[in-house]
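Here are the chains, one letter per residue:
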Amino acid sequence: MRGALRRATVLLAVTTLLLPGGGSPAIASGHSGLAGLKAVRPVMDCAAVARLDLSGATDAPVTIRSATVTSAGAPAPYCSVVGTIAPANTFVMRLPTQGWTQRYLQTGCGGLCGSATIGYTQAATCEPVTDGTIASATTDMGHQGLNDGSWAAGNPQALIDFAYRGVHVTAQVAKALIRHFYGRAAAYSYFDGCSDGGREALMEAQRYPDDFDGIAAGAPAGNIVVQNTFHHAWNVLANKDADGNYILLADKLPLIHAAVLRKCDGLDGLVDGVLDDPRNCRFDPNTIVCPDTANCLTPAQAAVVRRLHDGATDAHGNRLEQEISHEWGSELDWTLFVPAAQGQVTFSENIALSFLRYLAYRNVADPTYQLTDLRFTIASFRTTVQTSDYLSATDPDLSRFRRSGGKLILWHGWSDQHISPQATLNYWDAMRTTMGARTVDSFAELYLLPGMAHCGGGVGPNTFDVLTPVMSWVETGATPFKIVASTTGRTRPVYPYPRVARYDGTGSTDDQANFVAVTPRRESAVGYSWVGAALYTHGYQKTCRVVDGRLVCG
């Protein structure tokens, strides 16, 4: 399905290194490994784009609102296109005007979206991005403005567009625009997104496997329903006393983090402030309980720390999310849900209320809904996830994407405070169970970054290029291996899971060159037996339509 053009592509010579024990070649750090594609100039003026007839590009009318040449936000001039795909999908696009290297990149949108802004996630050194020779686009996913969920009230089509349609029709229209503007189709198409953008990435691989040749899915909110209901609501309610006051405040987080490091920092053989696999840490918050409440925790505060780490359960201990909600070592970023003072409203409360009021229950909008209305029971869990499962991207069977030649890189920060890395590990485990480990390894890889928070930041190296490895894998068949992540004064290699980086005993521990890949002898004991395990199975996904102003899915 991938076309004669890419089969005839002349490949650049690349420096490679072999995977440990032999196997496919992998791109060495510092070598792009991209195909040597000829730069192409436009065959029409930018202004003429606004007059194009795009009938048939997708399933709805397309209106080009503007097309002007600019260089804002890019290293080279481009034709900036703004348009609408009916009924309300705004898309923006950049078409290089001085030389396009025949690649198309679509970028994801975070949160509940509502604005169309092109942003390249973890692609700081990707050459087609940095030199401005790549065509790119994004969408607001069918609604504008408020990110509080109220846009969904009485707007079932906007929910369909947010769930899966908006990204797909944008890809169709963008590719049509490329064909008109350059007189030829893109040789390769890619998708790059993090958070909800990661969910969008997986939704594309699951529902529309021919849209993109390569996909980079970062910290994906694939299980968005559980994530934005039970997970974030638990973050708040697990820290409230009977009077509704917070038990744990943010001033205690550095104390907790320091205690975790004292207990577990050296487990990976290096005391460096970062846990390379926090699942191996057996920290007990009760060890820092003492009468000196200024420098210790109270028993109630220690219990909150344990609840926040372990995640949502019902009254009988049944897990309503994966076994670990917030990994040890991530405590400094718990300010997402642990406030600095009483009376403050945290991100977790805002996102949970937005979702529960307007998105969680099909055809129901209740702006008066409170977090305390959510019942942490198995029955409530099933009702919630079943009514809004069309929003989730947890189908582990990517057979169609693999057969079409697609390549996927999943990545997640171990210290992600928004979305537990366990959700991505659960998906990875389900993929390998469903498709077979060898099959998955032929087209997909997972990278877990020690100390990195949500989509970036955190105490560990958190800046890296994940897009070039995807492109190289697609274009030259070079299987990615080492990705180098950096932060001020430190670089570290990150290897495909389950491999971890180990210091080789020579040179600076802040130089990635002094680390090697090691596969741990024992697998983590953390498993994926929880109430929502069945969500990570093939065949659950529903397609929705609007009937008499209501959302109908089946």
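Residues numbered from 1 in each chain as written. Predicted model: local features only at pLDDT ≥ 70, side-chain atom pairs only at ≥ 80, totals over all residues. Heavy atoms only, no water.

**Q** Lay out the packing of aromatic side chains in plain terms, naming residues and giving numbers.
**A** Scanning all chains against the criterion turns up 18 aromatic pairs. Here F230 and F376 contribute two aromatic rings whose centre-to-centre distance is 5.5 Å and whose plane-to-plane angle is 85°, an arrangement assigned as edge-to-face. Taken together, the residues span a long stretch of sequence, with F230 in helix α5 (residues 224–237) and F376 in the loop between α8 (347–358) and α9 (378–387) at a distance of 146 residues. Across the pair, exposure class does not vary: F230 and F376 are buried alike. In textbook terms, an aromatic cluster arises when at least three aromatic residues are bridged by ring pairs, as seen for F230, W234, F376, F381, W530 and Y536. For the cation-ring pair, R199 lies above F162, with the distance from its terminal atom to the ring centre recorded as 4.7 Å. The ring of Y246 is capped by K240, whose NZ or CZ atom sits 4.8 Å from the centre of that ring. (Phe/Tyr/Trp six-rings, centres within 6.5 Å; stacked < 30°, edge-to-face > 60°. Helix = DSSP H or I, 4+ residues; strand = E, 2+ residues; numbered from the N terminus. Buried < 20%, exposed > 50% of the residue type's maximum accessible area, 1.4 Å probe, protein only. Lys NZ or Arg CZ within 6 Å of the ring centre and 35° of its normal.)

**Q** Can you tell me about the side chain of T394, naming the residues and giving the values?
**A** Checked against the element boundaries, T394 lands in the loop between α9 and α10 (399–403). The class of T394 is buried, set by a relative accessible area of 1%. Looking at T394, its side chain comes within polar contact range of the main-chain oxygen of L535, at 2.9 Å. Every residue in contact with T394, bar those within four places of it in the chain, is listed here: Q206, G222, N223, Y427, L535, Y536, T537 and Y540. (Polar contact = N/O pair within 3.5 Å; in protein donor to acceptor, adjacent residues only side chain to side chain. Contact = heavy atoms within 4.5 Å.)

**Q** Before we move on, could you go through the pairing of strand β16 (residues 544–547) and cite the residues and values that matter?
**A** Pairing of β16 with strand β17 (residues 550–553) involves four bridges; the strand directions are antiparallel. Each residue of the ladder has a partner; that of R545, found in β17, is V552. (Pairing = 2+ DSSP bridges.)

**Q** Before we move on, could you go through the confidence of the model for the chain and cite the residues and values that matter?
**A** One rule of thumb: low pLDDT means the predicted coordinates there are not for detailed reading. Model confidence for the chain is summarised by a mean pLDDT of 93, while 94% of its residues fall at 70 or above. pLDDT under 50 marks residues 1–31. Its contacts with residues more than four places away, or in other chains, come to 59 contacts. (pLDDT = per-residue confidence, 0-100.)

**Q** How would you summarise the sheet that holds strand β8 (residues 188–194) if you had to cite specific residues and measurements?
**A** Ordered by their spatial adjacency, nine strands build an open sheet running β3-β4-β5-β7-β6-β8-β9-β10-β11, and the pairing between neighbours is mixed. Since the sheet does not close on itself, it has two edges, and those belong to β3 (62–70) and β11 (444–449), each with one partner. Neighbouring strand axes in the sheet, compared pairwise and without regard to direction, differ in orientation by 15° on average. By the bridge criterion, four bridges tie strand β5 (residues 89–96) to strand β7 (residues 135–139) in an arrangement that is antiparallel. Paired with M93 across the bridge in β7 is A137. Packing against the sheet, helix α3 (residues 156–182) makes contact with β3, β4 (78–85), β5, β6 (103–107), β7 and β8, and its axis sits at approximately 35° to β5. (Axes fitted to C-alpha atoms, helices over the stretch in contact; angles between N-to-C directions.)

**Q** A description of the pattern of salt bridges should follow, citing residues and the corresponding values.
**A** Pairing is possible between side chains that carry opposite charge, provided their charged atoms lie close to one another. By the definition in use, this model includes eleven salt bridges. A salt bridge links R199 to D196, with the nearest nitrogen and oxygen atoms 2.7 Å apart. Of this pair, R199 and D196 both sit in helix α4 (residues 196–207), three residues apart, which is roughly one turn of the helix. Under the relative-accessibility criterion, D196 is labelled buried at 2%. Among the salt bridges present, the one from D441 reaches R432, with a minimum N-O distance of 2.6 Å. By relative accessible area, which is 27% here, R432 ends up partly exposed. Counted as one network, the salt bridges with shared partners bring together D59, D161 and R165. (Salt bridge = Lys/Arg side-chain N within 4 Å of Asp/Glu carboxyl O.)

**Q** Quick rundown of unusual backbone geometry? Include the residues and the values.
**A** The omega torsion of the bond from A86 to P87 falls at 5°, within 30 degrees of zero and hence cis. With respect to the element layout, P87 can be found in the loop between β4 and β5. Cis geometry is adopted by the peptide bond preceding P498, which originates at Y497 and carries an omega value of 15°. Considering the arrangement of structural elements, one finds P498 in the loop between β13 (490–494) and β14 (500–503). With a phi close to 65°, M141 is a non-glycine residue in the positive phi region. Relative to the helices and strands, M141 resides in the loop between β7 and α3. Of note, the phi angle at C455 is positive, near 65°, even though the residue is not glycine. Judged by its relative accessible area of 22%, C455 is partly exposed.

**Q** How would you sum up the state of the cysteines? Please name residues and give values.
**A** In total, this model carries six disulfides according to the counting rule given. Between the sulfur atoms of C194 and its disulfide mate C455 the distance is 2.0 Å. Judged by the torsion about the S-S bond (-95°), the C194/C455 disulfide is left-handed. Here the residue C194 occupies a position in strand β8, and C455 occupies one in the loop between β11 and α13 (467–476), the gap between them amounting to 261 residues. Each sulfur in the disulfide pair C264 and C281 lies 2.0 Å from the other. On the sign convention where negative is left-handed, the bridge of C264 and C281, at about 75° about the S-S bond, is right-handed. With a gap of 17 residues between them, C264 in helix α6 (residues 253–264) and C281 in the loop between α6 and α7 (299–310) connect regions that are remote in the sequence. What links to what in the chain: the bonded cysteines, counted in sequence order, pair as 1-2, 3-4, 5-10, 6-7, 8-9, 11-12. Left unpaired, C126 is separated from the closest cysteine sulfur, that of C194, by 16 Å. The exposure class of C126 is buried, given its relative accessible area of 0%. (Disulfide = S-S within 2.5 Å.)

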